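# Observations on the model geometry
Next come the chains, spelled out residue by residue.
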Amino acid sequence: GAEAASRRGGAGRSGTADREMRNRRTECEKTTCSGMPDNQRTECSYKCISDECWGEVYAKDQIEEGEVDTERSRLFASCFRKAYKREVDAKREEERQAKAEARRNKAQGL
């Protein structure tokens, strides 16, 4: 993990976020968006992957089925990476606090 990331010039984090985005897309296409007509599936996938980022990038000017908008795809991916980093950081902070609490309780003999 960390060694490979440092060899790639520290790109480990965005690689993880990109992998997570692909996993979510696959999951969304198999579940939430599976029965949708083609003309609604792309929008459904983006909303399912990250409703927050869909709102930021596509809500005002929705993507049309089959439309290739590389600029907005990049914006969506960038938004997702930031949101995913916040998610991961929040989870780490929760775990850190839980461990600190457990140490305090142990030290106090609780």
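For the structure given in this document, a descriptive report is provided here. (Residues numbered from 1 in each chain as written. Predicted model: local features only at pLDDT ≥ 70, side-chain atom pairs only at ≥ 80, totals over all residues. Heavy atoms only, no water.)

## Details of the overall build of the chain
In terms of regular secondary structure, the chain is built from 5 helices and 0 strands. Order of helices (α) and strands (β) in the chain, N terminus to C terminus: α-α-α-α-α. In the chain, which comprises 110 residues, the proportion classed as buried is 24%. For the chain, the share of sequence-separated contacts (at least 6 apart) that also reach a separation of at least 24 residues comes to 49%. When the accessible surface of the chain is summed, it comes to about 7,900 Å², and 48% of that surface belongs to carbon and sulfur atoms. (Helix = DSSP H or I, 4+ residues; strand = E, 2+ residues; numbered from the N terminus. Buried < 20%, exposed > 50% of the residue type's maximum accessible area, 1.4 Å probe, protein only. Contact = heavy atoms within 4.5 Å. Areas by Shrake-Rupley, 256 points an atom, 1.4 Å probe, with all protein chains shown as cover.)

## With respect to the packing of aromatic side chains
This structure, assessed with the given rule, holds 4 aromatic pairs. Arranged with centres 4.7 Å apart and planes meeting at 70°, the rings of Y46 and F76 form a pair that is edge-to-face. In this pair, Y46 sits in helix α3 (residues 38–49) while F76 sits in helix α5 (residues 70–107), placing the two residues 30 residues apart along the sequence. Where F80 meets Y84, the ring centres are 5.9 Å apart and the plane angle is 10°; that geometry is what we call stacked. (Phe/Tyr/Trp six-rings, centres within 6.5 Å; stacked < 30°, edge-to-face > 60°.)

## Some words on the state of the cysteines
In total, this model carries 3 disulfides according to the counting rule given. What pairs with C28 in a disulfide is C48, and their sulfur atoms sit 2.0 Å apart. Because the torsion about its S-S bond is -80°, the bridge between C28 and C48 counts as left-handed. Taken together, the positions of C28 in helix α2 (residues 12–30) and C48 in helix α3 put the pair 20 residues apart, joining distant regions of the chain. For C48, a relative accessible area of 29% puts it in the partly exposed group. Covalent S-S linkage joins C33 and C44, the inter-sulfur distance amounting to 2.0 Å. What sets the handedness of the C33 and C44 disulfide is the S-S torsion sign, and at about -85° it is left-handed. With C33 in the loop between α2 and α3 and C44 in helix α3, this residue pair connects regions lying 11 residues apart in the sequence. With respect to burial, C33 and C44 carry one shared label: buried. Taken in N- to C-terminal order, the disulfide-linked cysteines of the chain are connected 1-4, 2-3, 5-6. (Disulfide = S-S within 2.5 Å.)

## Re α5
Side chains three or four residues apart in an α-helix point the same way, a direct result of the helix having 3.6 residues per turn. Look at α5: 55 Å from first C-alpha to last across 38 residues, which is about the 56 Å you get at 1.5 Å a residue. R72, F76, A77, C79, F80, A83, Y84 and A100 are the residues of α5 that are buried. (Expected span 1.5 Å × (residues − 1).)

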